[in-house]
Amino acid sequence: MQKEYKTIKSIAGPLVMIEGVEGIKYEELVEITTASGEVRLGKVLEAREGVAVVQMFESTQGVGAHGSKARFLGKTLQLGVSLDMLGRIFDGRGRPIDDGAEIIPDKKLDINGNPLNPYARDYPNDFYQTGISTIDCMNTLVRGQKLPIFSGAGLPHARLAAQIARQAKVISVDNEGNMAEGGGKEENFAVVFAAMGVTFEEAEYFTNEFKKTGAIERSVLYINTADDPVVERIATPRMALTTAEYLAFEKDMHVLVILTDLTNYCEALREVSAARKEVPGRRGYPGYLYTDLATLYERAGRVKGKKGSITQIPILTMPEDDITHPIPDLTGYITEGQIVLARDLHKQGIYPNINVLPSLSRLKDKGIGVGKTREDHSGVMNQLFAAYARGKEVRELAVILGEAALSDTDLKFLKFANEFEKTYVKQEEYEDRNIIKSLTMGWELLKILPETELKRVKAEHIEKYMTAKQAK
Amino acid sequence: MEKQGIIIKVSGPLVVAKNMEGARMYEVVRVSEKKLIGEIIGINGDQVSIQVYEETSGVGPGEPVYPTHQTMQVELGPGLLQSIYDGIQRPLPLIEQEAGSYITRGIDVPGLDRKKKWKFSPIKKTGEKVEEGDIIGEVEETTLITHKIMVPPGMSGTLKDIKNGDFTIEEIVAVIEGDNDETYEITMLQKWPIRRSRPCKVKKVPNVPLVTGTRILDTLFPVAKGGAGCIPGPFGAGKTVTQQTLAKYCDAQIIVYIGCGERGNEMTDVLMEFPELEDPNTGEKLMKRTVMVANTSNMPVAAREASIYTGVTIAEYYRDMGYSVALMADSTSRWAEALREMSGRLEEMPGEEGYPAYLGSRTAEFYERSGIVKCLGSDDREGSLTLIGAVSPPGGDLSEPVTQNTLRVTKVFWGLDAKLAYRRHFPAINWLSSYTLYMDNLKDYWKNNISEEFLGVRTQAMSILQEEAKLEEIVRLVGMEALSPKERLTLETAKSLREDFLFQNAFDKVDAFTPLKKQFWILKSIIGVYNHALKVVENEDFNFDDLLKLPVMQKVAKCKEIPADDEERFKQLWDETERSILSLKI
């Protein structure tokens, strides 16, 4: 039997303290009815003898110490999931906002999930083609990876994310370099998108983008806009990931999860933490920020014996483009690499403005090479990296000494770096370059350099992919 | 039923219970009807604070707490090797069997297999006197490692009975009659509290290097067997790759690898790779000498705190058998964060950056469990435990408390550098900031086992690298032309040191491991060029390009491809170097 309590003692921000309660459980759901009859949800954050501290998922506006009633529901927050969720749009709390019908759940799942046993994980090693050269060739994404985009305010991360969502697919390449989509198999693909604290316009951009390309049919969208209650934001990514887990591991789908913007999520955590009067860690963020983020990011992956997979692309904006800020920093410690966007490239009108040098995909080695992409992939990748790094050094040198003081080789590297940015990094928003094209373009660029400088590629690959083609 | 406590508060992994008179610090308790595993970390009158090793959602005030009157222990015995545990020694494969892909709560699985029979061969005979730590029998645990069954600490007397044959770890294999007529029944299973270091007779000063096969580590910044080292570095700099390379190739006999609050996929990688990889020292599968503790970042935070202790206790147990053990903890920062989280929930007064004030002493306690020791027992055997902890300083800022506290107690510092990693120079260990304090202890080892010349060559290499940093500043300002030929030679040599010696590909089968002798030979080849060239660069008509164009220069650059046992070819190379460089003189 559920009792109703009218003993709300205090309210501070999203926290409500209720006295005289009995038999409450940690993390139990609480329903608070305001004097005007509105129902709000929250969960028990601290259960003491006779006292419950409740964190609301929604705004506490209108909740009062008198007249409001609290009911403990005896269960933790669960999300009803079903295949019908595909093609639907929900708010940050999981309520449909697209005028469609309520979802009739196939299953109810705890949104916090359980930690995946590392022993039950399967290692991600399927190449995932995004159609973007700087990702496919140089920071290869594999299925089951979590690869965040580190962006800054005013950078086109939303467009990039939409492009990835639009173009991402599994392909297979045979020994002759012929490609086949879908790895030759019938694949089920879905996108789960969660927006946290984004502006209305950004949210619209995504929904329109999804609708325009028809991708919405295979997508589930959770939208928590900037003016929605802050605390809802903490539940939003968990809803999204629970949906993703259901689709991936029960319905055998390959799910791409895009979370934006994690910075807003962390701000929300800080707000709640401050309301709880916790001891702050760096820059006022709670000490458990790492653990909390890990419980989100670690929900990506593959599971032994299951067909589906979850690939995560979280997006975060680095305050002042500072990569050592706690949010990108802790993220980088958890995720398997990062794609870093550069402001200077953006200013030069280069899209996607990916700065390849600090970008990294930790799982790339497992997803490239013979049988996955092409034998020369790793060599080309390393050579492009090394040459671009050298080219950028030369560019700095040229600023000090002037181009006249550079050696011939240095000049070639400088030219390489410029061409690399203009033709390789830069591509059109609707340009879907396949991996073979990306590799071929890489070889084209390397022709700028003297062959003696190409130390990272194998001699036989130079023969096969560069010189031989030239001869033709 | 025994007396129970009653929960009065639940806040995340912290549970407070009353009616707990008689409870002791670090006692293990079972929390609520779900029987979650917890440990008492604070006592106030009849109230205790409990850190719970599992998710506490759904637990509430009024539920019971069951005391166990035991401290947090690990089970020690045959079967540890090749295992993979979570932070509180539950085998992950068993958890998977019981609960499926996800780790659910209240799973109770023993750390060691109770049913498996091991072949116990006695070493001592009935009637012999034995003391604590004496080896009474052996079990072939894997084809690589013989598990020694020891008399547990605190027991001694006369062997009344000792068996021979196949037994489970709980069956009695020997009976000892104590000097005061007490009887001790010995099984192959021992238990030990994780927060107490296992006793030894005496600790000694380490004087043998731990050979890792990584050139920059072994030659420039060696760690001694029984020493402690730390690897701090920002993300993406290669901490985990370095730790894994160490776990794969270092010449310790037993490896304990702790994945503490790290990525799940990374642990999976280790789990899938280690059973395949071969140990370069013995040719056996690496997994046969490895124990793994994996508490990934999304697993309960309190168990992460315990995982370090679980691992180190297992490591000490093998040390006590007389083995050299190396423990890799990746990463201790996550452990410190777990401490911070619990401390915050306990509402303790925070120290620096919210970490508890006792962070320093806890860190020291952990690293001090390393050492080379004379083990308990009458045979004076020696075992060693080397601890290597990765540290993940936020933003790569080494002034933060975890790094600083670690540096205070470790004698080797391998500083990873993001800049090197961006340039794809791996291992991205900064040769200017890293250091080792073991060089004095290891001097004799190098002299006696590698070469008299070794220390000289090493010192020269270090100073050339140091010099390079200075010269690079100048080049940046005024260009290469402003340098004297000698300075240019220094730069060229430093480049060669970086590219041909320090750079090492951990994913290349041959390059990943270089034996000590060959490391010295490569270094000598590079420094040889420098020393000979010094004699010619001051010549007036010396042209630097002539030197670079010498065919021998290419050979030196490729000398790491010479097989490790072919000293002759190295000698030929040195002769050729001398001949061809000095020929420039005329």
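Residues numbered from 1 in each chain as written. Chains lettered and ligands numbered in written order. Predicted model: local features only at pLDDT ≥ 70, side-chain atom pairs only at ≥ 80, totals over all residues. Heavy atoms only, no water.

Looking at the overall build of chain A
- A tally of regular secondary structure across chain A gives 13 helices and 23 strands.
- For chain A, the C-alpha radius of gyration of 25 Å lies close to 23 Å, the compact-globule estimate for 472 residues.
- If one aligns the C-alpha atoms of chain A with their principal axes, the spans along those axes are about 85 × 50 × 40 Å.
- In chain A, which comprises 472 residues, the proportion classed as buried is 60%.
- In chain A, of all internal contacts separated by at least 6 residues, the share reaching a separation of at least 24 is 72%.
- Element-wise, carbon and sulfur atoms account for 48% of the exposed surface of chain A, whose accessible area totals about 17900 Å².
- Distance from the positive charge centre (61 side chains) to the negative charge centre (67 side chains) of chain A: 2 Å. (Helix = DSSP H or I, 4+ residues; strand = E, 2+ residues; numbered from the N terminus. Rg over C-alpha atoms; globule rule 2.2 N^0.38 Å. Buried < 20%, exposed > 50% of the residue type's maximum accessible area, 1.4 Å probe, protein only. Contact = heavy atoms within 4.5 Å. Areas by Shrake-Rupley, 256 points an atom, 1.4 Å probe, with all protein chains shown as cover. Lys, Arg positive; Asp, Glu negative; His and termini not counted. Charge placed at Lys NZ, Arg CZ, Asp CG, Glu CD.)

Some remarks on the interface of chain B and chain A
- Between chain B and chain A, the residue contacts involve 67 residues of the former and 64 residues of the latter.
- Buried surface at the junction of chain B and chain A, both sides included, amounts to about 5500 Å², of which 55% is carbon and sulfur.
- Three residues, B:Phe235, B:Asn265 and B:Arg424, lead the burial of chain B against chain A; their summed loss comes to 15% of the area buried on that side.
- Scanning the region where chain B abuts chain A turns up four salt bridges.
- In this structure, A:Glu49 and B:Lys18 form a salt bridge, with 3.0 Å as the shortest nitrogen-oxygen distance.
- Put simply, chain B and chain A have 25 residue pairs in polar contact (both at pLDDT 80 or more) between them.
- Put simply, the parts of the chain that give the side of chain B that touches chain A at least two residues each are β1 (5–11), α1 (92–99), α4 (264–273), α5 (301–320), α6 (332–345) and α11 (454–478) of chain B. (Buried area = accessible area lost by both parts, 1.4 Å probe. Salt bridge = Lys/Arg side-chain N within 4 Å of Asp/Glu carboxyl O. Polar contact = N/O pair within 3.5 Å; in protein donor to acceptor, adjacent residues only side chain to side chain.)

Re the sheet that holds strand β12 (residues 146–150) of chain B
All names here are of chain B.
- Reading across the sheet, the four strands line up as β12-β11-β9-β14 and stay open at both edges, with antiparallel pairing between neighbours. Every other strand in the sheet has two partners, leaving β12 and β14 (165–167) as the edge strands with one partner each. Averaged over neighbouring strand pairs, the angle between their axes works out to 40° when direction is ignored.
- Pairing of strand β9 (residues 118–122) with strand β11 (residues 135–140), which is carried by three bridges, proceeds in the antiparallel orientation. Bridging from a neighbouring strand, Ser121 pairs with Glu138 of β11. (Pairing = 2+ DSSP bridges. Axes fitted to C-alpha atoms, helices over the stretch in contact; angles between N-to-C directions.)

So, the sheet that holds strand β13 (residues 157–162) of chain B
Residue and element names in this part refer to chain B.
- On the basis of which strands lie adjacent, the open sheet formed by four strands has the order β10-β13-β15-β16 and antiparallel pairing. Looking at strand neighbours, the two that pair on one side only are β10 (129–130) and β16 (183–187), the edges of this open sheet.
- Inspection of the sheet shows β10 paired to β13 by two bridges, in the antiparallel sense. Counted as the bridge partner of Lys129 is Thr158 from β13.

As for the domain arrangement of chain B
- Here the domain parsing of chain B yields domain 1 (5–71), domain 2 (76–99 + 200–433), domain 3 (118–188) and domain 4 (451–585).
- One C-alpha centre belongs to domain 1 of chain B, the other to domain 4 of chain B; they are set 63 Å apart. (Domains from an automatic or database assignment.)

Some points on a nonpolar patch on the surface
- Together, B:Ile474, B:Leu477 and B:Val478 make up an exposed nonpolar region whose accessible area comes to about 290 Å².
- Judged by its relative accessible area of 37%, B:Ile474 falls in the partly exposed class. (Patch = residues over 30% accessible without salt bridge, like charges linked within 9 Å, V, L, I, M, F, W, Y side chains within 5 Å.)

Structural notes on the side chain of B:Asp417
All names here are of chain B.
- Summarising the element assignment, Asp417 is placed in the loop between β25 (412–413) and α9 (418–422).
- It turns out Asp417 is buried and unbridged, and the closest side chain with the opposite charge, Lys419, is 5.3 Å from it.
- Of the polar contacts made by the side chain of Asp417, one reaches the backbone nitrogen of Lys419; its length is 2.9 Å.
- Filtering out sequence-adjacent residues up to four positions away, Asp417 remains in contact with Ala237, Ala428 and Asn430.

Considerations on helix α11 (residues 408–425) of chain A
Residues and elements named next belong to chain A.
- With 18 residues, α11 should cover 26 Å at 1.5 Å per step; its first-to-last C-alpha distance of 24 Å lies within 8% of that length.
- Residue Glu419 marks the point of greatest curvature in α11, where the axis turns by about 30°.
- Buried within α11 are the following residues: Asp410, Phe413, Leu414, Phe416, Ala417, Phe420, Glu421, Tyr424 and Val425.
- Next to the buried residues of α11 lie α1 (133–138), α8 (343–347), β23 (354–361), α10 (377–401) and α12 (435–446). (Expected span 1.5 Å × (residues − 1). Bend = angle between axes of the 7 residues up to and from the residue.)

A word on the packing of α10(A) against α12(A)
All names here are of chain A.
- Two numbers describe how α10 lies on α12: the axes approach to 10 Å, and their chain directions differ by 50°. Between α10 and α12, the angle falls in the class oblique. As α10 packs across α12, the resulting crossing turns out to be left-handed. Between α10 and α12, the contacting residues are His377, Val380, Gln383 and Leu384 on the first element and Ile435, Leu439, Gly442, Trp443 and Leu446 on the second.
- Taken together, the residues of the contact of α10 with α12 sort by class into six nonpolar, three polar and no charged. (Parallel < 35°, antiparallel > 145°, perpendicular 65-115°, else oblique. Left-handed = near helix turned anticlockwise from the far one by under 90°. Nonpolar A, V, L, I, M, F, W, Y, C, P; charged D, E, K, R; others polar.)

Describing the side chain of A:Ser361
All names here are of chain A.
- Note on placement: Ser361 falls in strand β23.
- A relative accessible area of 1% means that Ser361 is categorised as buried.
- Engagement of the side chain of Ser361 in a polar contact is seen with the backbone oxygen of Thr140, the distance being 2.5 Å.

Quick look at unusual backbone geometry
- Of note, the amide linkage connecting A:Thr260 to A:Asp261 takes the cis form, showing an omega dihedral of 5°.
- Inspection of the secondary structure puts A:Asp261 in the loop between β19 (254–260) and α5 (262–275).
- A:Pro352 follows A:Tyr351 through a cis peptide bond whose omega is -10°.
- Residue placement: A:Pro352 occurs in the loop between α8 and β23.
- Positive phi, normally seen in glycine, also occurs at B:Asn19, with a value near 60°.
- Its place among the elements puts B:Asn19 in the loop between β2 (14–18) and β3 (27–31).
- For B:Asn19, a relative accessible area of 29% corresponds to the partly exposed category.
- Positive phi is not limited to glycine here, since B:His69 has a value of about 60°.

Some details on the packing of aromatic side chains
- What the rule picks out here adds up to 22 aromatic pairs over all chains.
- Aromatic pair A:Phe193 and A:Phe206: ring centres 4.3 Å apart, planes at 40°, arrangement tilted. Here A:Phe206 lies in helix α3 (residues 200–212) and A:Phe193 lies in strand β17 (residues 189–198), a separation of 13 residues in the sequence. Judged on exposure class, the residue A:Phe193 and its partner A:Phe206 are both buried.
- With centroids separated by 6.5 Å and ring planes inclined at 40°, the aromatic side chains of B:Trp335 and B:Phe366 adopt a geometry described as tilted. Taken together, the residues span a long stretch of sequence, with B:Trp335 in helix α6 and B:Phe366 in helix α7 (residues 359–367) at a distance of 31 residues.
- Through pairs of rings, three or more aromatic residues link up here, namely A:Phe193, A:Tyr205, A:Phe206 and A:Phe210.
- The ring of B:Trp118 carries B:Lys116 above its face, with NZ or CZ at 4.3 Å from the centroid.
- Between the NZ or CZ atom of B:Arg340 and the centre of the ring of B:Tyr355, over which it lies, the distance is 4.3 Å. (Phe/Tyr/Trp six-rings, centres within 6.5 Å; stacked < 30°, edge-to-face > 60°. Lys NZ or Arg CZ within 6 Å of the ring centre and 35° of its normal.)

Quick word on the packing of α11(B) against helix α13 (residues 516–537) of chain B
All names here are of chain B.
- Where α11 meets α13, the closest approach of the two axes is 10 Å, and the angle between their N-to-C directions is 60°. Viewed along their axes, α11 and α13 adopt a mutual orientation that is oblique. Judged by the sense of rotation from one axis to the other, the crossing of α11 with α13 is left-handed. Taken together, the residues of α13 that come into contact with α11 (itself represented by Phe454, Val457, Arg458, Gln460, Ala461 and Ile464) are Phe520, Leu523, Lys524, Ile527, Tyr530 and Asn531.
- Split by residue class, the contact of α11 with α13 holds eight nonpolar, two polar and two charged.

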